[in-house]
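Structural overview
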Amino acid sequence: DTLALRSDVALSKPLDIGKSLTLDLRANTLNLANCSITMNAPGAALTLQATGGGISGSGAPCFDISAGTLNILSGTYQSDVAVISTDKGVITVSGGTLAGGTGSSGDRRTIYSYGASKIRLENNAAVTNANDACVSLYGGDLTVSGNASLSGVHGVLLFNHDKDNTASIHSSITMTGGSIVADGYALSGNNLLSAGSKAVITGGSLSSPPTITAIYWPMEGTLTVGGTASVTGGTAIE
C-alpha cells in the first residue's frame, strides 16, 4: 500500500506503523510536535520517499523504531533532537538528508541506536548535525558505503549497550565507501564504555581538522584500516 500526502500535515500524537507500506510525502511536510512515527512490529517495513518534501519534528525523534524495517529513499528529515532512535530496528538510508540536533538541549545526535540495531547508510544518503554527532551507537552495527556522507561536530561514536558491562551488546562500524567529515572526531569511543567495539574501514574517507585526531581509539577493541581508505587529521589515529 502507498499513502500519499496531498498537503502539509501536522500531528501531535504518535503515528504507529504496524504493517508494511510506503509513505510518499511528495513536496509536502509532515510536521511532528512532541511525537514520533513509531514501529514495534517485527514484520513491518516502512518506506519513505519525497520530491522536495519531508518530515520536520520538534521535542521528539522523527522515528522511534523498536522493531521492524525503515527504508528512507529520498526527502528531508529534520528535528531539534534526534531524527532516528532505534532499539532493534533495521534502518536503511539510501537517499535524502537527515539533519538532527538543531535545538539546544535533549538527545541531539542525528541517529541513536540502543541495542542490536542494524543501520545502513548507502548510495547518496546524507546525515548532518551542526551541534553534535551524526551517529551514536550504544550497541548496534553501522555500515557506510557508496557515496553516503556524514558531516557534523563528531562523526560516529561507539559505545556499549550496557556501558560498564563488557558482556553487553557492543557497537561496530563497517565502512567501504562514503565520507565522514567532522569538526571534532570522525570516529571515537570512550575507554571502558566502549570496550569490545569494532571498526573495519576499507574504503571511503574520514577527516578532521588539522588540530584534531580523526580516529580516537582509547578502548580495547579491533580497529582495521586498509584497502583504499583515507584517514586525515592533526593525527590520523590516536
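So, here is what we can say about the structure in this document. Just so it is clear, the model here is predicted, and its values are computed rather than measured. (Residues numbered from 1 in each chain as written. Predicted model: local features only at pLDDT ≥ 70, side-chain atom pairs only at ≥ 80, totals over all residues. Heavy atoms only, no water.)

1. Let's talk about the packing of aromatic side chains
What the rule picks out here adds up to 5 aromatic pairs. Relative to Tyr77, the ring of Phe63 lies with its centre 6.0 Å away and its plane at 50°, an arrangement referred to as tilted. A residue pair is termed long-range when its members are at least 10 positions apart, and Phe63 in strand β8 (residues 63-72) and Tyr77 in strand β9 (residues 76-79) qualify at 14 residues. Of the two residues examined, Phe63 and Tyr77, each falls in the buried class. With 5.0 Å between their ring centres and 15° between their planes, Tyr185 and Tyr216 make a pair best called stacked. In this pair, Tyr185 sits in the loop between β18 (171-182) and β19 (187-188) while Tyr216 sits in strand β21 (residues 213-216), placing the two residues 31 residues apart along the sequence. Classification of Tyr185 as partly exposed rests on a relative accessible area of 27%. (Phe/Tyr/Trp six-rings, centres within 6.5 Å; stacked < 30°, edge-to-face > 60°. Helix = DSSP H or I, 4+ residues; strand = E, 2+ residues; numbered from the N terminus. Buried < 20%, exposed > 50% of the residue type's maximum accessible area, 1.4 Å probe, protein only.)

2. Examining the side chain of Thr22
Looking at where Thr22 falls in the secondary structure, it is placed in strand β4 (residues 21-24). Judged by relative accessible area, Thr22 falls into the buried class, the value being 19%. If we skip the residues at most four places from it in the chain, Thr22 touches Asp1, Thr2, Leu3, Thr47 and Gln49. (Contact = heavy atoms within 4.5 Å.)

3. Details of the side chain of Ser171
Tracing the sequence through the fold places Ser171 in strand β18. A distance of 3.1 Å separates the side chain of Ser171 from the backbone oxygen of Leu137, its partner in a polar contact. (Polar contact = N/O pair within 3.5 Å; in protein donor to acceptor, adjacent residues only side chain to side chain.)

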